[in-house]
Amino acid sequence: MSASTALHIDWTRCRGRGMCTELLTGLGRDEWGYPLVAGGGSDLPIRTHDVEAADDAVALCPVLALSIRPARPTR
Amino acid sequence: MTEAFWALGRASGVVLLLLMTVSMLLGLLTRSGRPLVRLPRFGVLLAHRNIALLSVVFLGVHVVSLLLDPYAQLKLIDVVVPFGAARAPIAVGLGAVALDLMLAVAITALLRRRLGHRVFRVVHWAAYVLWPIALLHGVTAGSDGRSLPFLALSAFTATAVGAAVVWRMTDHFVEYRRIRTEPAR
Ligand code: SF4
C-alpha cells in the first residue's frame, strides 16, 4: 500500500535535534544526528499506523522543520 | 480568612520558584538535544512544556491570592504595570516585570507554529532574564524572602540554573557538537 502523505524535512531548518527520529521508526539518524530517510531524500512516506507519530513530530520539532505534504507518486 | 490568602500567596510563590527552575533546566536540556537518562528527547520537551504551563497556572493562583489579601494592598494594575504599587513598589514591580515576560514567553510558545520560529526563539530568550527577576522578586517581596530556608532554596535553585547556563555556553552542550563542523547557532 502506498502512503498518500509524507513527512517533509526542511533541511535548511533542521538542526538534527533528534525529536522526529525518536517518534518515527522509519527515520534513522546519520552520524551527525540528522534524520535519515530510508532510500534518501527529504520525504518520509507516512504509513497508516504512523499518522499520529508524524503529527506529533511536526508539533514537537523544536525548529519547525517538519511538515506533512501529499506524497509524490512512486514509480 | 485573610490569613489564608496570604499563606496561599506565599506557598504558591515557593512552588513557582521550583516549577520555573525545573522548567529552565528541562528547557536547556531540550536545547541541547539530549535525552534524560530514560526519558527520550520528546519526553524532555513535553515535560518542559507541561511544567512551564503549570507554572503559568501557579502564577495565576499567586496573583489572585495576593489580590485578595488586604495586607498586600495590591491593585490589579500593579500586577501588570511595574513599580506603582502602594506597598514595596520595587519588590512588587519586579514580580510584574516577571509576569509580563512570562506571559509573552508562554503565548509565543503556544502560538509558535503560527508566529514562526524566529519570533518564538527571540521571545523565548526572555526566560533567561525572567527567571532571575522572578527570584529577586521572591527574595525582596516575600514576607519570608530573607528567611534562612528561602535563602537556602534560592541559592540552591540559582546554582542549578547557573550551572546549566554555564554548560549551555560550553563546547560540549549540543549533542554531536564534537563531530559537527558547522558554526554554533
Ligand atoms: S525534530 Fe526537527 S530538528 Fe530534530 S531532527 Fe527532526 S526535523 Fe530535524
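In this text, all values refer to a predicted model and were calculated from it rather than measured experimentally. (Residues numbered from 1 in each chain as written. Chains lettered and ligands numbered in written order. Predicted model: local features only at pLDDT ≥ 70, side-chain atom pairs only at ≥ 80, totals over all residues. Heavy atoms only, no water.)

Caption draft 1: The arrangement of the overall build of chain A in detail. In terms of regular secondary structure, chain A is built from 2 helices and 5 strands. Listing the helices and strands of chain A from first to last along the sequence gives β-α-β-β-β-α-β. Taking 75 residues into account, the globule formula puts the C-alpha radius of gyration at 11 Å, and chain A, at 11 Å, falls close to it. Principal axes of the C-alpha set define a box for chain A whose edges measure 30 × 25 × 20 Å. Per-residue burial over chain A gives 47% buried out of 75 residues. Considering only intrachain contacts with a sequence separation of at least 6, the fraction spanning at least 24 residues in chain A is 62%. Here chain A carries 8 positive and 9 negative side-chain charges, and the mean point of each set is 7 Å from the other. (Helix = DSSP H or I, 4+ residues; strand = E, 2+ residues; numbered from the N terminus. Rg over C-alpha atoms; globule rule 2.2 N^0.38 Å. Buried < 20%, exposed > 50% of the residue type's maximum accessible area, 1.4 Å probe, protein only. Contact = heavy atoms within 4.5 Å. Lys, Arg positive; Asp, Glu negative; His and termini not counted. Charge placed at Lys NZ, Arg CZ, Asp CG, Glu CD.)

Caption draft 2: Just the site of the ligand, in detail. All names here are of chain A. Around the ligand, the neighbouring residues are Cys14, Arg15, Gly16, Arg17, Gly18, Met19, Cys20, Pro35, Cys61, Val63, Ala65 and Leu66. The site holding the ligand turns out to be the largest cavity. Counted by class, the shell around the ligand contains 8 nonpolar, 2 polar and 2 charged residues. (Near = heavy atom within 4 Å. 1 Å grid on protein atoms, 1.4 Å probe; cavity = no way out; pocket = protein on both sides within 12 Å on 5 of 7 lines; lining within 4 Å. Sits in = over half its atoms within 2 Å of the grid points. Nonpolar A, V, L, I, M, F, W, Y, C, P; charged D, E, K, R; others polar.)

Caption draft 3: Inspection of the packing of helix 7 (residues 127–141) of chain B against helix 8 (residues 148–168) of chain B at higher detail. Residues and elements named next belong to chain B. For the pair helix 7 and helix 8, interaxial distance at closest approach is 11 Å and the crossing angle is 170°. Here helix 7 lies roughly antiparallel to helix 8, going by the angle between them. Between helix 7 and helix 8, the residues in contact are Tyr128, Trp131, Leu135, Gly138 and Val139 and Phe150, Leu151, Ser154, Thr157, Ala158, Val161, Val165 and Arg168, respectively. A per-class count over the contact of helix 7 with helix 8 returns 9 nonpolar, 3 polar and 1 charged. (Axes fitted to C-alpha atoms, helices over the stretch in contact; angles between N-to-C directions. Parallel < 35°, antiparallel > 145°, perpendicular 65-115°, else oblique.)

Caption draft 4: The arrangement of the side chain of Thr21(B) in detail. All names here are of chain B. Inspection of the secondary structure assignment puts Thr21 in helix 1 (residues 2–32). On the accessibility criterion, Thr21 (5% relative accessible area) is buried. Polar contacts involving the side chain of Thr21 include one to the main-chain carbonyl oxygen of Leu17, which spans 2.6 Å. Setting aside residues no more than four positions away along its own chain, Thr21 makes contact with Trp131, Thr157 and Val161. (Polar contact = N/O pair within 3.5 Å; in protein donor to acceptor, adjacent residues only side chain to side chain.)

Caption draft 5: The arrangement of unusual backbone geometry in detail. Residue and element names in this part refer to chain B. In this model, Val37 sits at a positive phi of 45°, which is unusual for a non-glycine residue. With respect to the secondary-structure elements, Val37 resides in the loop between helix 1 and helix 2 (41–68). Given a relative accessible area of 80%, Val37 falls into the exposed group. Positive phi, normally seen in glycine, also occurs at Ala88, with a value near 50°. When you line up the elements, Ala88 lands in the loop between helix 3 (76–80) and helix 4 (89–110).

Caption draft 6: Quick look at the nonpolar core. Residues Met20(B), Leu59(B), Leu74(B), Met102(B), Leu130(B) and Trp131(B) are the most contacted members of the largest nonpolar core, which totals 27 residues. Residue assignment for this core shows that the elements contributing at least two residues are helix 1, helix 2, helix 4, helix 7 and helix 8 of chain B. For this core, the leading source of residues is helix 7 of chain B, giving 7 residues. When sequence neighbours within four positions are dropped, the list of residues in contact with Leu74(B) reads Leu66(B), Leu67(B), Val79(B) and Val92(B). Ile9(A), Met19(A), Val58(A) and Leu66(A) belong to the second-largest nonpolar core, a separate cluster that totals 22 residues. (Core = buried A, V, L, I, M, F, W, Y, C linked by side-chain atoms within 4.5 Å.)

Caption draft 7: Helix 1 of chain B, seen in detail. With 31 residues, helix 1 of chain B ought to run about 45 Å at 1.5 Å a step, and its terminal C-alpha atoms sit 45 Å apart, in line with that. Gly33(B), located one to two residues past helix 1 of chain B, shows a positive phi value of around 80°. (Expected span 1.5 Å × (residues − 1).)

Caption draft 8: Inspection of the side chain of Arg112(B) at higher detail. Within the fold, Arg112(B) resides in helix 5 (residues 112–115). Buried charge without a partner: Arg112(B) forms no salt bridge, and the closest opposite charge is Asp56(A), 11 Å away. For Arg112(B), the side chain forms a polar contact with the main-chain oxygen of Cys61(A), separated by 2.9 Å. A distance of 3.2 Å separates the side chain of Arg112(B) from the backbone oxygen of Pro62(A), its partner in a polar contact. Look past the residues within four positions of Arg112(B) in its chain and what remains in contact with it is Ala59(A), Leu60(A), Cys61(A), Pro62(A), Val63(A), Leu64(A) and Phe120(B). (Salt bridge = Lys/Arg side-chain N within 4 Å of Asp/Glu carboxyl O.)

Function-wise, these values are silent; they only describe arrangement.
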